[in-house]
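# Structural characterization, general
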Amino acid sequence: MIKEFILFRLCCDNCGGGCCPHGYSVVTCTGITGPTGATGATGPRGLTGATGPTGATGPTGPTGVTGATGATGPTGATGATGATGATGPAGTDGADGADGADGADGATGATGATGVADTLAAGSTTTLEPEEFAAVTDSGTETNHIFDFAIPRGATGATGATGMTGATGATGATGATGVTGTAGVTGATGVTGATGATGPKGATGATGATGPKGEDCKCPVCGKCIFSAEGDFEEGEPYVQFGETQIFPYDCKSVSADGADIELAENGLYLVQFKTDYELRCYGGSNAVLELDGSELPASEITMAEKNGNSAGLLLMQAQAGATLKIKLDAYDKLSSAKFYVVITLFEVDSDES
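Keep in mind that what you see is a predicted model, and the values were worked out from it rather than measured.

The subject of this paragraph is the overall build of the chain. Looking only at helices and strands, the chain has zero helices and 16 strands in total. By residue count, 17% of the 354 residues in the chain fall in the buried class. Accessible surface, the chain as shown: approximately 27,900 Å² in total, 54% of it carbon and sulfur.

Judged by which residues are buried, strand β8 (residues 255–258) turns out to be one-sided: Val255 and Ala257 face inward and are buried, whereas Ser256 and Asp258, on the alternate face, are not. Where β8 lies against strand β9 (residues 261–264), four bridges are found, and the strand directions are antiparallel. What sits directly across from Ser256, in β9, is Glu263. In textbook terms, the turn of a hairpin is the stretch between consecutive antiparallel strands, and for β8 and β9 this stretch comprises two residues, one of which, Gly259, has a positive phi near 70°.

Per-residue confidence for the chain gives a mean pLDDT of 80, with 82% of residues at or over 70. Contacts of residues 1–29 to residues separated by more than four positions or lying in other chains number 34 contacts, the stretch itself having pLDDT below 50.

The rules we used
Residues numbered from 1 in each chain as written. Predicted model: local features only at pLDDT ≥ 70, side-chain atom pairs only at ≥ 80, totals over all residues. Heavy atoms only, no water. Helix = DSSP H or I, 4+ residues; strand = E, 2+ residues; numbered from the N terminus. Buried < 20%, exposed > 50% of the residue type's maximum accessible area, 1.4 Å probe, protein only. Areas by Shrake-Rupley, 256 points an atom, 1.4 Å probe, with all protein chains shown as cover. Pairing = 2+ DSSP bridges. pLDDT = per-residue confidence, 0-100. Contact = heavy atoms within 4.5 Å.

Listed below in structure tokens is the structure:
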């Protein structure tokens, strides 16, 4: 095969003389055909060409010879489980195996649906003879139970002691007279029952209506107030000394006592009662007398003559508002001690009856 080679020859004679304007010349030489070179590497596959038109169907070929039997195919899938056969006879119990390790706790199951609550009801009650046994039967359904009771009656006990007679109850209202029945056979006398417990106290009844007002009744001489106080003999004092505290004034503002003075604040009739418990220094005695506005009241003197003793006086007197009453002591130097008690009652006098 002849190939053409392009040789490049440099212009050495006169590079600038015009024979090689570019410094080289092109010479084409045809050589002898060399040996065939080695096959080059396969080039990349070209693009698939367009599909050609379908050719006409060829004639059916003759039937080929039957081939040899192929190898056995793989085992098919397991068929559906057949019906359970009849239960065989029970075998003898085997020896108990060793306890296996506790398995892990399973997950908590879902809460079951709320069950239907059973109902309970009492049914009939039958009395049996004392020697029979008590019984309870359920005559209901699985969820609605009805319990029927059979209970033996108790044997007749020994006669108890006669109980105490209970309090007489209130008389009940008389009932209407019933129709006279035929006389029955007289029964045997029953055993006296035990006295029942006292019932609870009834509720307090409602307050009754206020009765009509009675007629006014005037009292010719009526006690208006009562005054009471304690007093003491004090050494060197000729009058009994009273404290500010009274025993029972009962809101009596008409009489008050302070020191030796008993003040009478109203016109009225006064009943004066006074008493003393005393002790004398020596025999000879001492006296106490009521004094109203500086004047001794007749028949009001009491005597203290014993070594140790007591004495009392009583006087009804009339006094004006603002009067002062005192208890005066005579021969008080002979007293060792003395405690005085005075009670004064103020009376109101009806002017129409005076």
